[in-house]
There are 2 protein chains.
Amino acid sequence: MVLARLILGLLCLAPMTGYELKKHFDSSINHFWNADKAQIYRTLAQLVDKGYATVTTVAQSNYPDRQEHHITDAGRQALVGWLSDGAAQGTERDPFMGQVFFAAELPREDIDQLLTERRVKTQAVLDDYLSQREGIDMRAAADRRSFLMAATLDHAIRQQAAELEWLDAVMEHLP
Amino acid sequence: MVLARLILGLLCLAPMTGYELKKHFDSSINHFWNADKAQIYRTLAQLVDKGYATVTTVAQSNYPDRQEHHITDAGRQALVGWLSDGAAQGTERDPFMGQVFFAAELPREDIDQLLTERRVKTQAVLDDYLSQREGIDMRAAADRRSFLMAATLDHAIRQQAAELEWLDAVMEHLP
DNA sequence: AGTAAGTGGGTGCAAAATCAACTAAATATG
DNA sequence: CATATTTAGTTGATTTTGCACCCACTTACT
């Protein structure tokens, strides 16, 4: 359901193929959502037969035909409906915290390793987000759309930074 | 998969019924995972027929029989295997950030309302976490197990606090 | 006396998500 | 020249999750 709305959101910015949607998910949406391509294509099909999008086949000289998906007015309404229906509350879900919660089953050095490993990964994710942000933040304050999109990336950056601080605190005080 | 490990982790602390597991999820695990009770009972059944747990029916005078689930050695090994298999990296997934990402489709006052509403909810979640922490932090530094369990709650608290700061920043600078 | 909430355990079903493979041509890289 | 990678989309099988319902009995509330 959320995926359907996110796809509508992207189609609202520009008509797109499933393939392009997948690339957007991998590049700009990845900090708060991701999706398997099979799931994207199937959701796209659902959107079409609900009347939220239409398809037009665009032939290309060298590459396969593009199945361009265009949002309809009904689709735009559905999107706005979702946005107006109140702030969503996603259920927290982090397998790593589960590992930490039960990490006492491991010997001390393995716990340290677990935390260190996560620290490396978190730092890598943070670096990725920071480099993503470099491309946008100059004109981000300009229009509202860009500002809000950049803001979600900032959120992810803050979350990763907070996690690094937490990891350091845990590693320092672990008895 | 993750749910199965979390259940094993809880069974590792003490033998339990599905009902008790659900209560643990709702009270102490909720800041990083939650689970439907149907899902818990089914996963429990899977654990039993994989040989990771055994059931013993304990009759009670007044209340229904308890199907007490005990972790086996194989179960303990599976748990430790998961913990040793490297730090998990959960895929970020927050529908609210999706709403923010596309919020420019809404008129300005609706955006403010969306953010304000989320702020209220986030504050409520934070308050809940803070009150949960009050019951544990005195002896939390004592043994490693309690420390690690409390640490995951601290993580959730930091995340919620970071989100509040972010929300305030967004509301202040939104063009 | 009647209703709610708690204890304990389930079933059925439908969405949603994941994994893996398969098609098929073009272009880039070694 | 051979092997990836990119473009574009599809199918099948399986797992995970969520929601709604059902049983039966007990204690607490009003």
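Basis of the calculations
Residues numbered from 1 in each chain as written. Chains lettered and ligands numbered in written order. Predicted model: local features only at pLDDT ≥ 70, side-chain atom pairs only at ≥ 80, totals over all residues. Heavy atoms only, no water. Helix = DSSP H or I, 4+ residues; strand = E, 2+ residues; numbered from the N terminus. Rg over C-alpha atoms; globule rule 2.2 N^0.38 Å. Buried < 20%, exposed > 50% of the residue type's maximum accessible area, 1.4 Å probe, protein only. Contact = heavy atoms within 4.5 Å. Areas by Shrake-Rupley, 256 points an atom, 1.4 Å probe, with all protein chains shown as cover. Lys, Arg positive; Asp, Glu negative; His and termini not counted. Charge placed at Lys NZ, Arg CZ, Asp CG, Glu CD. Near = heavy atom within 4 Å. Polar contact = N/O pair within 3.5 Å; in protein donor to acceptor, adjacent residues only side chain to side chain. UniProt positions renumbered as here; feature names shortened; annotations may be inferred. 1 Å grid on protein atoms, 1.4 Å probe; cavity = no way out; pocket = protein on both sides within 12 Å on 5 of 7 lines; lining within 4 Å. Points joined across faces, edges and corners; volume = space filled by probe spheres on them. Nonpolar A, V, L, I, M, F, W, Y, C, P; charged D, E, K, R; others polar. Buried area = accessible area lost by both parts, 1.4 Å probe. Salt bridge = Lys/Arg side-chain N within 4 Å of Asp/Glu carboxyl O. Least-squares fit on C-alpha atoms with pLDDT ≥ 70 in both. Phe/Tyr/Trp six-rings, centres within 6.5 Å; stacked < 30°, edge-to-face > 60°.

> Help me get a handle on the overall build of chain A, residues and values and all.
Assigned secondary structure in chain A consists of seven helices and two strands. Listed by position from the N terminus, the elements making up chain A come as α-α-α-β-β-α-α-α-α. Against the compact-globule benchmark of 16 Å for 175 residues, chain A has a radius of gyration of 20 Å, which places it well outside the compact range. Expressed as a percentage of the 175 residues in chain A, the buried residues total 46%. Contacts in chain A between residues far apart in sequence, at least 24 positions, make up 57% of those at least 6 positions apart. Total accessible area on chain A stands at roughly 8500 Å², and carbon and sulfur atoms take up 51% of it. Separation of charge centres in chain A, based on 18 positive and 25 negative side chains, amounts to 7 Å.

> Kindly report on the protein's contact with DNA strand C, identifying the contributing residues and their values.
Neighbouring DNA strand C are 23 residues; Met1 and Gln39 of chain A together with Lys37, Arg42 and Gln67 of chain B lie closest to it. Each atom of DNA strand C within 4 Å of the protein belongs either to a base or to sugar and phosphate, the latter forming 60%. Between DNA strand C and Lys37 of chain B, the relevant distance is 2.7 Å, taken from a base oxygen to a side-chain nitrogen or oxygen of the residue. Contacts to DNA strand C include Arg42 of chain B, whose side-chain N or O atom sits 2.6 Å from a base nitrogen. Contributing elements (two or more residues each) for the surface near DNA strand C: helix 3 (37-49) of chain A together with helix 2 (18-29), helix 3 (37-49) and strand 2 (66-71) of chain B.

> Give me the UniProt feature "domain: Transcription regulator PadR N-terminal" (unreviewed entry) in chain A: which residues, what numbers.
Following the UniProt record, one finds the feature "domain: Transcription regulator PadR N-terminal" (unreviewed entry) at residues 7-79 of chain A. Helix makes up 53% of residues 7-79 of chain A and strand 16%. Its end C-alpha atoms lie 9 Å apart.

> Tell me about the protein's contact with DNA strand D, and please be specific about residues and values.
Close to DNA strand D lie 23 residues, the nearest being Lys37, Arg42 and Gln67 of chain A together with Gln39 and Asn62 of chain B. The share of sugar and phosphate among atoms of DNA strand D within 4 Å of the protein is 58%. Separating a base oxygen of DNA strand D from a side-chain N or O atom of Lys37 of chain A is a distance of 2.4 Å. Arg42 of chain A places a side-chain nitrogen or oxygen 2.7 Å from a base nitrogen of DNA strand D. Every element with two or more residues in the surface near DNA strand D is listed here: helix 2 (18-29), helix 3 and strand 2 (66-71) of chain A together with helix 3 of chain B. Counting residues per element, the surface near DNA strand D draws most heavily on helix 3 of chain A, which supplies four residues.

> Please provide a residue-by-residue account of the layout of surface pockets, values included.
Using a probe with the size of a water molecule, rolled over the atoms, empty space left in the structure can be pinpointed. One number sums up the size of the largest pocket: a volume of about 900 Å³. Glu92, Arg93 and Asp94 of chain A together with Glu92 and Arg93 of chain B are the residues nearest the centre of the largest pocket, which is lined by 38 residues in total. Going through the elements one at a time, helix 5 (95-101), helix 6 (108-134) and helix 7 (144-173) of chain A together with helix 6 (108-134) and helix 7 (144-173) of chain B are the ones with two or more residues in the lining of the largest pocket. Element by element, the count of residues in the lining of the largest pocket is highest for helix 7 of chain A, at six residues. Here the residues of the lining of the largest pocket are counted per class, giving eleven nonpolar, 17 polar and ten charged.

> Tell me about the interface of chain B and chain A, and please be specific about residues and values.
Counting residues at the interface gives 72 residues for chain B and 72 residues for chain A. The largest per-residue losses of area from chain B upon contact with chain A belong to Phe101, Phe102 and Arg144 of chain B, which jointly make up 12% of the total buried on that side. Our count for the chain B to chain A interface comes out at three salt bridges. Close ionic contact of Arg158 of chain A with Glu165 of chain B constitutes a salt bridge, the shortest N to O distance being 4.0 Å. Applying the counting rule to chain B against chain A returns 30 residue pairs in polar contact (both at pLDDT 80 or more).

> Run through the relation of the copies chain B and chain A, naming residues and quoting values.
Here the two chain copies are tied together by a rotation about an axis and a shift along that axis. Overlay of chain B on chain A (RMSD 0.1 Å): rotation 180°, translation along the axis 0.0 Å. What we have between these two chains is a two-fold relation. Minimal C-alpha separation from the rotation axis in chain B is found for Gln159 of chain B, amounting to 3.1 Å. The share of interface residues of chain B whose copies in chain A are also at the interface is 100%, consistent with both copies meeting through the same surface.

> I'd like to hear about the packing of aromatic side chains, residue by residue, with values.
Tallied over the full model, the rule gives four aromatic pairs over all chains. Residues Phe32 of chain A and Phe101 of chain B carry aromatic rings whose centres are separated by 5.5 Å and whose planes lie at 50° to one another, so their mutual orientation is tilted. Remark: Phe101 of chain B occurs in helix 5 (residues 95-101) and Phe32 of chain A occurs in the loop between helix 2 and helix 3; the pair is interchain, linking two chains. Here Phe32 of chain A falls in the buried class, since its relative accessible area comes to 2%. Relative accessible area serves as the criterion here: at 5%, Phe101 of chain B is assigned to the buried category. One aromatic cluster is present, formed by Phe32 of chain A together with Phe101 and Phe102 of chain B through successive ring pairs.

> Now, about the environment of Glu105 of chain A: what can you tell me, with residues and values included?
The topology assignment puts Glu105 of chain A in the loop between helix 5 and helix 6. By relative accessible area, Glu105 of chain A is classed as partly exposed at 24%. In the structure, Glu105 of chain A is positioned 72 residues away from Trp33 of chain A in sequence and 32 Å away in space, judged by C-alpha atoms. Setting aside residues no more than four positions away along its own chain, Glu105 of chain A makes contact with Cys12, Leu79, Val80, Leu83 and Arg145 of chain B. Engagement of the side chain of Glu105 of chain A in a polar contact is seen with the side chain of Arg145 of chain B, the distance being 2.7 Å.

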